[in-house]
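Chains, contacts and geometry: an overview
Chain by chain, the residues:
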Amino acid sequence: MGVDKGDRLWFHISFPSHATPEFQTLSGFAAAWTQSTGPLPYPAQADGAPLSAREWTMKTSIVFLLCISVFPGFSQGRVVREDEAGFAECNVFFPGQVPPEGFTEPFHVKICQQYNKEPRFATLYSTKDKIPLYSAFKYTKPAQNEEENWLVEPQIDDPENDLHEMVLEADIIGTVANLGANQALTSDYVDSGYERGLLNPSLLNEEDFQVATYTLTNAVPLSPSLSKIWHRDVGRVVEQALVPHCSKKDHLYLLAGAIPSSVRVKGKVSVPETLWLAACCDAPEGWSLGIVKKVNDENSLVDLTVGELEKQLLAGVHLFKGNCGEDKQSQEKSEAILQAVSHIRSGEQVGTSDNQEDKDSGLVRKVAGIIATPFIKILELLIYVFVELVKFVFYFLWLVIKKVGSTVLDGVYSLWNGVVSYLKAISMVLISIPYDVARVIVNILLGFLQIVQDVASITYRILCIPVGFFLHLAAFPYHSICAIPAVLKDMATGIGGTFSLVIDATAALLHGFYYLAGHIIKRFVPKGSSDD
């Protein structure tokens, strides 16, 4: 665990080798502690390093907080493809959207660091040295709080991986091929005596920009004292010398970089031999400036032109397009900036005695740390076992609650269905009552009307019998008398017809006899005798 006085609070917890990834990812608790308590007023070191009594109490409290706190982070970043221009959407962090030229080695990887789907800064990473060569960013404003959720870039080690964003290292163990082959991991810093020093300092960023800085692709190995001094100097130079003299603060472009050395942490991660900062104010009366700090001289802080800085880097390197108008920059502003840097440098020299006192007391703290380390390891193991037991208990309680809750919910659901069915049946019955009553009333009325109709019909038929009889009886004489002439006529016609028939029959009979007699006579009387 490392602390920067008044500036930053860094934590590192060494977990047992059998600790689960879920347990290891809880290292993000540092953010919540910093937000609730503020920065610590006393120093602390990594595992095996000095720890005072207050620091022991602090670390013990933090570890216990670890058991009950989870602070997930969500940071994105992607490796820029070769067919994309510059740093793609992260080109906005360079003057004229033109990145530095001359970094053309095949092991140089361009990363567009993002958070919440917005670009936050750009990084050129060396897979050979396992450190960033530079990070390009803009000054936002001093950070209020710091959240440390360290992430790695899966695509650097496994380009074919589907993870296109930065993730917590513990979350991808075993899922990314060759993890750590081309980039530094947290394990590379454990018990190494080095801290993860940010090229793009978190203290110069706010909110989402600050959260995005905590990635291992933005970190280089620095000793705890150098890390504190470098970030303090960068913060003072930017806030006191550069920002006040740039008329457009959103046009102040910053490049923070490191020159790798042959010294390696655990034979893998290169320790920088030089740290540098380049600034460009791309505005009217603009200017550019370079700052260099040698790692072997923590108190050094050399100001120089961007052109002079480029000569200390790789051959053919050009940091800013057109050197950011270095030949036309305002002499007055340049002198004011250099004077401010000189004041910052002087203030650092004044503080050298304090640093010496820290170094003198370091031996005592180191001895105390060596003695305390085994107890810390045992405590961490006990806490790990305790956490697993707590997790088991909570999981068991969750199963019990889930089962009981499921049974209760099923009962409530069944009861609800019964109540709904009962209310539905009652409602249907209540609704049908008026309908049935109305139907009975209608049937009664129809039956009454049918009875009335039948009574009227019977009465009509009964009354119709005597009336018809009397009518027919009264009409009989009339019809009888009126029928006499017709009967007489018919009788006369019959009698006349009878006589006529008799006459006709007699005449026909006589005619027949006459015809017969004539025929007989003609047949039997000879013709001669008739001639005689």
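On a predicted model such as this, the values are computed, not experimentally measured, just so you know. (Residues numbered from 1 in each chain as written. Predicted model: local features only at pLDDT ≥ 70, side-chain atom pairs only at ≥ 80, totals over all residues. Heavy atoms only, no water.)

On to the overall build of the protein, then. Along the backbone of the protein there are 10 helices and 14 strands. The 532 residues of the protein split such that 40% are buried. Within the protein, counting contacts between residues at least 6 apart in sequence, those at least 24 apart form 69% of the total. In the form shown here, the protein has an accessible surface area of approximately 29,900 Å², with 65% of it arising from carbon and sulfur atoms. (Helix = DSSP H or I, 4+ residues; strand = E, 2+ residues; numbered from the N terminus. Buried < 20%, exposed > 50% of the residue type's maximum accessible area, 1.4 Å probe, protein only. Contact = heavy atoms within 4.5 Å. Areas by Shrake-Rupley, 256 points an atom, 1.4 Å probe, with all protein chains shown as cover.)

Taken as a whole, this structure holds 3 disulfides when the rule is applied. A disulfide bridge connects C246 with C281, and the sulfur atoms are separated by 2.1 Å. Its torsion about the S-S bond being 85°, the disulfide of C246 and C281 is classed as right-handed. With C246 in the loop between helix 6 (224-242) and strand 11 (252-265) and C281 in strand 12 (residues 269-281), the pair connects residues that are 35 residues apart, well separated along the chain. (Disulfide = S-S within 2.5 Å.)

Our next topic: the pairing of strand 10 (residues 219-222). Residues A219 and P221 point to one face of strand 10 and V220 and L222 to the other, with burial holding for every one of them. In this structure, strand 9 (residues 195-198) lies alongside strand 10, joined through 4 bridges in antiparallel fashion. Looking at strand 10, one finds that R196 is bridged to P221. (Pairing = 2+ DSSP bridges.)

Here the phi dihedral of K130 falls at roughly 60°; this positive angle occurs in a residue that is not glycine. Within the element layout of this structure, K130 appears in the loop between strand 5 (118-126) and strand 6 (131-138). Overall, the relative accessible area of 9% leaves K130 in the buried class. The backbone phi angle of K266 is positive, close to 55°, even though this residue is not glycine.

Take the packing of aromatic side chains next. Think of a pair of aromatic rings as described by two things: how far the centres are apart, and how the planes are tilted against each other in angle. The full count for this structure, using the stated rule, is 3 aromatic pairs. Look at F87 and F94: their rings are 5.3 Å apart centre to centre, the planes differ by 40°, and that puts the pair in the tilted class. Taken as a pair, F87 and F94 share a single burial class, namely buried. Summarising the aromatic geometry, the rings of F87 and Y134 are spaced 6.4 Å apart at their centres and angled 55° between planes, so their arrangement reads as tilted. Of the two residues, F87 sits in the loop between strand 3 (76-79) and strand 4 (108-115) while Y134 sits in strand 6, which places them 47 residues apart along the sequence. (Phe/Tyr/Trp six-rings, centres within 6.5 Å; stacked < 30°, edge-to-face > 60°.)

Right, let's talk about the pattern of salt bridges for a bit. Under the defined criterion, the tally for this structure stands at 9 salt bridges. Here D436 makes a salt bridge to R439, at a shortest N to O gap of 3.5 Å. Placement of the pair is D436 and R439 together in helix 9 (residues 352-524), with a separation of 3 residues, close to one helical turn. Members of the salt-bridge network, linked through shared partners, are R81, D83 and E84. (Salt bridge = Lys/Arg side-chain N within 4 Å of Asp/Glu carboxyl O.)

Before going further, it helps to examine a nonpolar patch on the surface. There is a patch of nonpolar side chains on the surface, built from F392, V393, F394, F396, L397, V400, I401, V404, V408 and V412 and spanning about 960 Å² of accessible area. Its location among the elements puts V400 in helix 9. (Patch = residues over 30% accessible without salt bridge, like charges linked within 9 Å, V, L, I, M, F, W, Y side chains within 5 Å.)

Before going further, it helps to spend a moment on the nonpolar core. Of all hydrophobic cores here, the largest spans 53 residues; its most connected members are V238, L242, L252, L254, L277 and W287. It is helix 6 that contributes the most residues to this core, 7 residues altogether. In this structure L242 touches V237, L252, L254, L277, A279, W287, L289 and I337, once residues within four positions along its chain are discounted. (Core = buried A, V, L, I, M, F, W, Y, C linked by side-chain atoms within 4.5 Å.)

Our next topic: the environment of I337. Mapped onto the elements of the fold, I337 is located in helix 8 (residues 331-350). For I337, a relative accessible area of 2% corresponds to the buried category. Taking the C-alpha atoms as reference points, I337 and Q240, separated by 97 residues in sequence, lie 8.8 Å from one another. Each residue touching I337, except ones within four places of it in the same chain, is listed here: A241, L242, H245, W287 and L289.

To continue, consider the confidence of the model for the protein. Looking at the protein as a whole, its pLDDT mean stands at 77, while 75% of the residues score no less than 70. A low-confidence stretch, residues 1-75 stays under pLDDT 50, and its non-local contacts, those more than four residues away or across chains, total 163 contacts. Under a pLDDT of 50 for its full length, residues 348-359 has, in the predicted model, 16 contacts with residues more than four places off or in other chains. (pLDDT = per-residue confidence, 0-100.)

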